[in-house]
Amino acid sequence: MSLGPVMMDLAGVALSPKERERLRHPLVGGVILFSRNYENPRQLRALTAEIRALRDPPLIITVDHEGGRVQRFREGFTDLPACARIGEIYALDRARGRKLAHAAGYVMAAELLAHGVDMSFAPVLDLGHGVSTVIGDRAFAEDPLVVTELARQYVQGMTQAGMAACGKHFPGHGGVTGDSHTELPVDDRPLSALKSADLVPFSRLCPMVLAAVMPAHVLYPRVDTQPAGFSRVWLQDILRKTQRFSGVIFSDDLSMAGAHGAGDLGARAHKALAAGCDVVLACNDADGLDGLFEALAGYVNPLSQARMTRLHGRPAWTADALPANIDYRAGRELLRSLRESL
């Protein structure tokens, strides 16, 4: 069975019978986990093992695990620094900042892979303009060249551990005050201004470095009348053609208020897929999933399916050699010492 275009969430720390049924649906291609799905490392390994056993090829298991305030698993996992803390160290000592970015990416990815999670939606490539509260310290810096350099190091760490990277939120969420979880933010800057700032990390990392990209639920009216995640201009003309991106495009969560203008969940999914998304995230709306499956009945995109298979995590060790409890002491000590240097 091929991987479908829907990524769904789960209610708790174990699968319900209804969730097992839905995860076997051919339109489903993956799962995104949240803090509510985590109790401890042993429980997480059991949950991901059960999810993997449901399908062949196995579903892609993902999470938002950036560090700082966006880290879904805490107990038993390294306390990762927010990206802005890495940027602050880089401003004082570039070599140490690069080393920290690499270590953060490696430790994050290695720990997740050891617990059966294929990928984290990271790194954040938004610029820290100082106006977006939802981005805030999730951004490495305001300077696009600094963001590019630190994100490159972070991705290299992820890659060394065996995890694909997903840059977000294309073409940049850092220049708006609104939170797309609760409203549709509007960025009135022209394309020329975006090209010289927010788009720089994407344009430099998309062709060869990133395996996936997640667009923002943000409207850029001087570029297109549709928010980026529903826009063929942004996803096809700019991301695919101009920036030569050939990886997976994930929609951001379609339950967010920034996506509601596209209609009900089924209409949002159709619009995102038609614009160029390969996968749509449908979270926090379990009652709407069956209707979504009906709305997408018969939908198949072989190219998207092929892109998805490249996202399975490939740890830099064999499963047979994996100890019961991983302790990344060297990486953790590095992260601790570099954080304390602020």
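You'll find the structure just up there.
Residues numbered from 1 in each chain as written. Predicted model: local features only at pLDDT ≥ 70, side-chain atom pairs only at ≥ 80, totals over all residues. Heavy atoms only, no water.

Give a detailed account of the nonpolar core, specifying residues and quantitative values.
Within the largest apolar cluster, 102 residues are counted, with the highest numbers of intra-cluster contacts made by L33 and F250. In this view, L33 contacts L10, L44, L47, T48, I61, T62, V63, D64, R72, F73 and V117; residues no more than four positions away in its chain are not counted. (Core = buried A, V, L, I, M, F, W, Y, C linked by side-chain atoms within 4.5 Å. Buried < 20%, exposed > 50% of the residue type's maximum accessible area, 1.4 Å probe, protein only. Contact = heavy atoms within 4.5 Å.)

Got a sec to walk through the sheet that holds strand β10 (residues 280–282)? Specific residues and values, please.
Read from one edge to the other, the open sheet built from five strands follows the order β6-β3-β2-β1-β10, with strand pairing classed as parallel. Lying at the two open borders of the sheet, with one neighbouring strand each, are β6 (119–120) and β10. As paired elements, strand β3 (residues 60–63) and β6 share two bridges and run parallel to each other. Opposite T62, over in β6, you have M119 as the bridge partner. (Pairing = 2+ DSSP bridges. Helix = DSSP H or I, 4+ residues; strand = E, 2+ residues; numbered from the N terminus.)

Now, about helix α10 (residues 286–295): what can you tell me, with residues and values included?
Every buried residue belonging to α10 is among G288, L289, L292 and F293, and all of these are buried. Angular distribution of buried residues about the axis of α10 spans 150°; they occupy a single face of the element. Relative to its buried face, α10 has exposed residues pointing more than 90 degrees away, namely D287 and E294. Turning to α10, the residues buried within the fold contact β1 (6–8), α1 (17–23), β2 (28–33), α9 (265–275) and β10. (Arc of directions from axis to C-beta.)

Lay out unusual backbone geometry in plain terms, naming residues and giving numbers.
A cis amide bond, omega 0°, links D56 with the succeeding residue P57. Position of P57 among the secondary structure elements: in the loop between α2 (41–53) and β3. A cis amide bond, omega 0°, links F170 with the succeeding residue P171. You can see P171 is positioned in the loop between β7 (166–170) and α6 (191–195). A positive phi is found at R244, a non-glycine position, where the angle reads about 55°. One can find R244 in the loop between α8 (232–242) and β9 (248–249). One non-glycine residue, N284, lies in positive phi territory at about 55°. The residue N284 is located in the loop between β10 and α10 in this model.

Can you break down the pairing of strand β8 (residues 212–215) residue by residue, with the values?
On β8, burial covers both faces: A212 and M214 on one face and V213 and P215 on the other are all buried. Where β7 meets β8, four bridges bridge the pair, whose relative direction is parallel. Bridging from a neighbouring strand, G167 pairs with V213 of β8. In the sheet, β8 pairs with β9 via two bridges, with the strands oriented parallel. Residue pairing in the sheet places A212 in a bridge with V248 of β9. Read as a crossover between parallel neighbours, the route from β8 over α8 to β9 is right-handed. (Right-handed = clockwise from strand over helix to strand, strands pointing away.)

Any chance you could break down the pattern of salt bridges for me, citing the residues and the numbers?
This structure, assessed with the given rule, holds 20 salt bridges. Taking the shortest distance from any N to any O, the salt bridge between D290 and R22 comes out at 3.2 Å. Here D290 is found in helix α10, whereas its partner R22 is found in helix α1, with 268 residues between them in sequence. On the basis of relative accessibility, which here comes to 29%, the residue D290 falls in the partly exposed class. Judged by relative accessible area, which is 11%, R22 ranks as buried. Linking K168 and E66 is a salt bridge whose minimum nitrogen-to-oxygen distance equals 2.9 Å. (Salt bridge = Lys/Arg side-chain N within 4 Å of Asp/Glu carboxyl O.)

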